[in-house]
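Analysis of the macromolecular model
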Amino acid sequence: MPIIDLQRRMRQLGEIRLGHVVPTANGKTRPAKLDKFRFTSPSREILTAVAELYGGEVKPWTPANGGPTEFEVYSKANRLPVLIPPKDAVSQWYELYAGSKCQRRCDGVTEHKSDRPCMCDPDNRDCAMTTRVNVMLRDVPALGQWLLISKGYYAAVTLPPAAELLSQAGGYVAGWLGMEEKTAIVKDQLARFKVPTLDVEITPAALMAGQITGGPQAVASGPERVAITSGRPDYAALAAAAKTPAEVRALYEQAVERGEMDKNLADTLTARATALGAEVKKQAEPQNHDGPHPDDVERQLNPADYGDAPEEPAEYVDAEIVDPAAAEAMWFQIMAAAGPLGMTTEQLETAFAQQHSGLHPSSATVGQLEDFLTALKAGEVR
């Protein structure tokens, strides 16, 4: 048995960072944001495994605050598969450092290092808001947790509610650690900064029912993954993970029905669906060969040997061929146009069928869909 009064903590393997320190023209340094994750660790071997999975090169690194020499990797990933622990996944403090030494650690009421009331002016704090996220990297062969530290406002207000919800699962939950860019006006100037995000591969209903990852119904697939950093799912990330146009269409319909569709999102989902449709079409096309197969040549030279009878030329039928990828993209445009009108997917399908003798949009040609879109924009569809 473990000693009861000792806290059981998993080994910290290293840190996952959103930025780095760069030199300035006056010989000093300043922090700068990154668009891919940077890893630091005292273990070269562990970082070598990280680099093999997520790209980058392992190099020696010395912290700016004078700590011991470690190693670092600038990866090529901005989204990482992780396991989120049920306890202490996220913690928060107001902290004040002098070099590498923490001088104050306060919860906003009590300064815990001295056990005294908070010493900061609430309107002008000396301490920095500090949020820590602990995760396990699912695919890295090392037992322990990785720490990500953020001093930003958005991480402070979005990550703790997510961690509190995850604690209801009672076990490790499969998810994704990502980063997204936020903008804000600071002192009349536009500031851009990176915010860490946590997504999960489990529906809220399954999570609240205690169906943690590994259970038969716990892990959702494709666009069913639910982003928990805010009320709006990360549609762009889910679309990037989708493997078929139908999955993207499900996301599109969800955004329309929830009133979350906008032009940028419509363009993103349409482009992704079109690209997936083109891949499907390309895979369905016959592969090119350097020349006809020998059996086909023989068949043409001696048709009698193959039982082939001469055939009259087939009558040409002037009909438009249905292009699934193009039709899918056109339907997305229809849903985007219907969003401001408050029309659901079912209402759109019913309206289309009424105008085309009962034809369902999934069987329509691109031309028919274009005509319907024109009528919709003209206000002729109700």
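The preceding data block contains the structure.
Residues numbered from 1 in each chain as written. Predicted model: local features only at pLDDT ≥ 70, side-chain atom pairs only at ≥ 80, totals over all residues. Heavy atoms only, no water.

**Some details on the overall build of the protein chain**
Summing up its helical and strand segments, the protein chain has 10 helices and 14 strands in all. Out of the 382 residues belonging to the protein chain, those deemed buried represent 38%. Of the contacts formed within the protein chain by residues at least 6 apart in sequence, a portion of 60% connects residues at least 24 apart. When the accessible surface of the protein chain is totalled, it reaches about 23,000 Å², and 51% of it is carbon and sulfur. (Helix = DSSP H or I, 4+ residues; strand = E, 2+ residues; numbered from the N terminus. Buried < 20%, exposed > 50% of the residue type's maximum accessible area, 1.4 Å probe, protein only. Contact = heavy atoms within 4.5 Å. Areas by Shrake-Rupley, 256 points an atom, 1.4 Å probe, with all protein chains shown as cover.)

**As for the side chain of R38**
On the secondary structure map, R38 appears in strand 2 (residues 29–41). On the basis of relative accessibility, which here comes to 5%, the residue R38 falls in the buried class. Apart from residues no more than four positions distant in its own chain, R38 is found in contact with E15, I16, R17, G19, H20, W61, E72, V73 and Y74.

**Side note on the nonpolar core**
Core analysis: the largest hydrophobic core is formed by 35 residues, its most contacted members being I16, F37, F39, L80, L137, W146 and L177. At 6 residues, the largest contribution of residues to this core is made by helix 1 (residues 44–54). Aside from chain neighbours lying at most four places away, what touches L80 is I16, F37, F39, Y54, L137, G175, W176 and L177. M343, V366, L369 and L376 belong to the second largest nonpolar core, which has 33 residues in total. (Core = buried A, V, L, I, M, F, W, Y, C linked by side-chain atoms within 4.5 Å.)

**Some thoughts on unusual backbone geometry**
One non-glycine residue with positive phi stands out, namely D115, at about 55°. Tracing the backbone shows D115 in the loop between strand 8 (110–111) and strand 9 (116–117). Of note, S357 is a non-glycine position whose phi angle comes to about 55°, a positive value. Within the fold, S357 resides in the loop between helix 9 (345–355) and helix 10 (366–377).

**Some words on the packing of aromatic side chains**
Within this structure, the stated rule accounts for 3 aromatic pairs. For the pair F39 and W146, a centre-to-centre distance of 5.8 Å together with 85° between the ring planes defines the contact as edge-to-face. Here the residue F39 occupies a position in strand 2, and W146 occupies one in strand 11 (residues 145–150), the gap between them amounting to 107 residues. As far as burial versus exposure is concerned, F39 and W146 are alike and both buried. Plain terms: the ring middles of F352 and F372 are 5.2 Å apart, the flat faces sit at 70° to each other, and that makes the pair edge-to-face. You can see F352 sitting in helix 9 and its partner F372 sitting in helix 10, a full 20 residues away along the chain. In this structure an aromatic cluster arises from ring pairing among F39, Y54 and W146. Stacked on the ring of Y94, the Lys or Arg R125 has its end atom at 3.9 Å from the ring centre. (Phe/Tyr/Trp six-rings, centres within 6.5 Å; stacked < 30°, edge-to-face > 60°. Lys NZ or Arg CZ within 6 Å of the ring centre and 35° of its normal.)

**Considering the pattern of salt bridges**
Where charged atoms of side chains with opposite charge meet at close range, the side chains can pair. Inspection of the entire model under this criterion finds 7 salt bridges. A salt bridge links E95 to R132, with the shortest nitrogen-to-oxygen separation between them at 2.8 Å. Of this pair, E95 sits in strand 6 (residues 90–98) while R132 sits in strand 10 (residues 128–137), and the two are 37 residues apart along the sequence. (Salt bridge = Lys/Arg side-chain N within 4 Å of Asp/Glu carboxyl O.)

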